[in-house]
Amino acid sequence: MLQQYMQGLDEEVAGAKELAHQPMKNSGHGGFKATYFIFAMMLLDNIGFVANMASLVLYFMFVLKFDLSGSSTTTTNYLGTTFLLTLVGGFISDTYMTRLNTALFFGAIELAGYLLVIIQSHYKNLQPVPCAESSCVHGSKALLFYMSICLLGLGGGGIRGSIPALGADQFDHRNPKERKDIASFFNWFLLSITIGATLGVTFVVYLSTEVGWDVGFAVSLCCVFFGIVFVALGKRFYRVRVPGESPLLRVVQVLVVAAKNWRTEVPKTADELYEVRDRKSVRRELIPHTSQFGFLDKAAILPKSTDPAKWKVCTVTQVEEVKILTRMMPILLSTILMNTCLAQLQTLSVQQGTLMDTKLGHFKVPPASIPVIPLVFMSILIPVYEFAFVPIIRRFTGHPNGITHLQRVGVGLVLSAISMGIAGLVEVKRKHELLQHNHRISLFWLSIHYAVFGIADMFTLVGLMEFFYREAPLGMRSLSTSFSWLSLSIGYYLNSAFVGLIDTVTERLDKSKRGWLQGRDLNTNHAERFYWFLAILSVINFVNYLFWANWYKYKDNVPRDEEMLLRAGPNNNGTTTDDSFSTSMSFVSRTRDFSVTQEKEAESTSK
């Protein structure tokens, strides 16, 4: 019986290895060597993309003749739509095209958008004339404008929905060393974005505001083109994951079948639920059953005398995929307010900068370039975090990344609340000096809360991206990674609605009958109150986040398994001392209890 058990266990290990991944092309490639091309693309693409994030509010105001609120709202709506469209890129790269081809396709769309915006910014007859309305863009000029920013948003969103997962795919999570490298990849991924953003908000913003908007957009177009060339050149080095079944369709199937079986009682044991365990017919990981969201288990009930078929029954793995996405939602929603704060920094703070002293010696700094301060901080702190912070904290926590993904996100949420409090104090000082002493304080006062928020972004964005990638089912990783951008999208949209709501409410409550952010004059508004209101909401949101972070159950108990891997340590061959660690995490969790039981049976038989 012991021999039969060992033979069966070998088959299980082989099955687990086959199930651990979707089909992969060039599986012998990958590693950091392949990611250099991805880092180059993100650096070049973000030169123009982040420059637009910082300066489009001024382009809309001075070139396209939007008013103060119109330019701010249009900017946040554009950025919100761009990040929302990352879901489209993630969905396509999971379902229909490889992640590389998806990035190249949307890169071409982004180039077309830049071409149209260059044409409109160059020719005066394609630009609107000043008017007394909130928006002066009408007719064919409006068609050209909205077509250009729609293409820019679609292209930029599609790239960001596919590229992070393409990079993380270059590391095999079954290999203990490569599994730890995934965290490092996301840190260096953020660094490449940061360096590109730094060049964008200095060089490109200066060209746009001081030389010509068409020149700035042309430089951005060239950067995107060379970025596409770089990522295409790395094709022969990539591990390319083959697209699979539509992840959204799998989710819908679970919801529909569970609704059909709403009167059916869930079996007392998970073994009675339907699962396909033939490794030859299944090309995905098997996820063990969990007790959360028991209603969804109804989708895995196979009625007697019924043949398994789609829309009639779902596997336990398919149900657990939906449970994982459901567990992720509170974490996603808890980070939205932070991105609303980010939207304020990219619009309101830039408008504040136009009323401050922008001179640095004999050089006049464009207000839209002030985000360079946090970007420089991040460029320095990311290597420090990777090479100093993580190894030190790792000694105390035993976690390969120093702290967990959710702890990293929590640190960012705390810092964002502090940033909003500082922003309110800076605005009080700016107004006091200008109104009481007719003195404009330096633009670099804004750098204080910008720097704090930049550090917050370093913690939160990378933590979210790695969290969504590592926790997502294998067939949904591009779509899941897009959730971190979705948080940005909702944050920008919420900012647009938030400003209008705050103005409406405060207009009724304030004795002056004037909203905090109404009108065109920041000196008569109360932006500091708005900042402090966001700070208070951020503190409340952090408490809410703590609840959901403690409630969350990691897939396959990933943090504990990784801690065991770390403490086991590598042997001289660079592999772990326990051969069982070479199998996938899903296999370890799924067979742990089975192995112990069978081993006891084998021992009793041999005696």
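Everything that follows concerns the structure shown earlier in this document.
Sequence order as written defines residue numbering, which begins from 1 separately in each chain. Predicted model: local features are reported for residues with pLDDT of at least 70 only, side-chain atom pairs are reported and counted for 80 or more only, and whole-chain, interface and lining totals are derived from all residues. Where side-chain values are given, they derive from all heavy atoms of the structure, hydrogens and water being excluded.

Before going further, it helps to spend a moment on the overall build of the protein. In this description a helix means any DSSP run of H or I spanning at least four residues, a strand means any run of E spanning at least two, and both kinds are numbered starting from the N terminus. Scanning the protein for helices and strands turns up 18 helices and four strands. Exposure is judged per residue with a 1.4 Å probe applied to protein chains only, and the accessible area is read against the type maximum: over 50% gives exposed, under 20% gives buried, and values in between give partly exposed. By the burial criterion, 57% of the 607 residues in the protein qualify as buried. Throughout, a residue-residue contact means that at least one pair of heavy atoms, one from each residue, lies within 4.5 Å. Long-range pairs, those at least 24 residues apart, make up 82% of the contacts in the protein between residues at least 6 apart in sequence. Approximately 26,100 Å² of the protein is accessible, and the part contributed by carbon and sulfur atoms is 63%. Here the accessible surface of atoms and residues is derived via Shrake-Rupley with a 1.4 Å probe, and residues count as covered only by protein chains that are part of the display.

Helix length check: helix H11 (residues 336-353) (18 residues) gives 25 Å between terminal C-alpha atoms against 26 Å at 1.5 Å per residue, within 8%. One axis is fitted to the seven residues ending at the residue and one to the seven starting there. The bend at that residue is the angle between these axes. Remark: the principal bend of H11, roughly 30 degrees, maps to Leu345. For H11, the tally of buried residues reaches 18 of 18 residues, placing the bulk of the element in the interior. Here the expected length of a helix is defined as 1.5 Å per residue gap, with one fewer gap than residues.

Every case where a carboxyl oxygen of Asp or Glu lies within 4 Å of a side-chain nitrogen of Lys or Arg is listed as a salt bridge. In this structure the tally under the stated criterion is ten salt bridges. Its salt-bridge partner being Asp297, residue Lys323 comes within 2.9 Å of it at the nearest N-O pair. Here the residue Lys323 occupies a position in helix H10 (residues 316-334), and Asp297 occupies one in the loop between helix H9 (247-260) and H10, the gap between them amounting to 26 residues. Like Lys323, the residue Asp297 is buried in the burial classification. A cluster of three or more residues bridged by salt bridges with shared partners is formed by Asp94, Arg99 and Asp169.

Attention now moves to the packing of aromatic side chains. Only the six-membered ring of Trp is used, alongside the rings of Phe and Tyr, when aromatic pairs are assigned; centres must lie within 6.5 Å, and planes under 30 degrees apart are stacked while those over 60 apart are edge-to-face, with the rest tilted. In the structure shown here, the tally under the stated rule is 32 aromatic pairs. Between Phe105 and Phe106, the aromatic rings sit 5.2 Å apart at their centres with planes inclined by 75 degrees, giving edge-to-face as the arrangement. Ring centres of Phe547 and Trp548 lie 4.9 Å apart, and the angle between their planes is 80 degrees; this geometry places the pair in the edge-to-face category. Among the aromatic side chains, those forming a connected cluster through ring pairs are Phe32, Phe39, Phe171, Phe185, Phe186, Phe189 and Tyr469.

Definition used in this section: a nonpolar core is a set of buried Ala, Val, Leu, Ile, Met, Phe, Trp, Tyr and Cys residues joined via side-chain atoms within 4.5 Å. Core analysis: the largest hydrophobic core is formed by 147 residues, its most contacted members being Tyr59, Ile163, Phe189 and Met328. A total of 18 residues in this core trace back to one element, the largest contributor, which is helix H2 (residues 32-62). Those residues in contact with Ile163 that sit more than four places away from it in its chain are Ile38, Met41, Met42, Ala103, Phe189 and Val231.

Here we take up the packing of H10 against helix H16 (residues 527-551). Each axis is a line fitted through C-alpha atoms, taken for helices only over the stretch in contact, and angles between the N-to-C directions span 0 to 180 degrees. At their nearest, the axes of H10 and H16 sit 9 Å apart, and the two run at 160 degrees to each other. By the criterion of interaxial angle, the relationship of H10 to H16 is roughly antiparallel. The interaxial crossing formed by H10 with H16 has left-handed handedness. From H10, Arg327, Pro330, Ile331 and Ser334 reach across to H16, where they touch Asn541, Asn544, Tyr545, Trp548, Ala549 and Trp551. Think of it as three bins: nonpolar holds Ala, Val, Leu, Ile, Met, Phe, Trp, Tyr, Cys and Pro, charged holds Asp, Glu, Lys and Arg, and polar takes everything else, Gly as well. Grouping the constituent residues of the contact of H10 with H16 by class yields six nonpolar, three polar and one charged. For classification, angles of less than 35 degrees are called roughly parallel, those exceeding 145 degrees roughly antiparallel, those between 65 and 115 degrees roughly perpendicular, and all remaining angles oblique. Whether a crossing is left-handed or right-handed is set by the direction in which the near helix is turned from the far one by less than a right angle, anticlockwise for left-handed and clockwise for right-handed.

Next up on the list: the environment of Gly500. By secondary structure assignment, the location of Gly500 is in helix H15 (residues 477-509). On the accessibility criterion, Gly500 (35% relative accessible area) is partly exposed. Along the backbone, Gly500 and Gly515 are 15 residues apart, and their C-alpha atoms lie at a distance of 9.2 Å.

A few words now on the packing of helix H14 (residues 446-471) against H15. At a minimum axis separation of 8 Å, H14 and H15 run at an interaxial angle of 155 degrees. Overall, the two elements H14 and H15 adopt an arrangement that is roughly antiparallel. With respect to the hand of their crossing, H14 and H15 are arranged in right-handed fashion. For the pair H14 and H15, the contacting residues are Leu461, Leu464, Met465, Phe468, Tyr469 and Arg470 in the first and Arg477, Ser480, Thr481, Phe483, Ser484 and Trp485 in the second. A breakdown of the residues in the contact of H14 with H15 according to their chemical character gives seven nonpolar, three polar and two charged.

Below, the discussion takes up unusual backbone geometry. Phi at Trp311 is positive, roughly 70 degrees, even though this residue is not glycine. Mapped onto the secondary structure, Trp311 falls in the loop between H9 and H10. Unusually for a residue other than glycine, Asn438 sits at a positive phi of about 50 degrees. Of note, Asn438 is situated in the loop between helix H13 (405-437) and H14.

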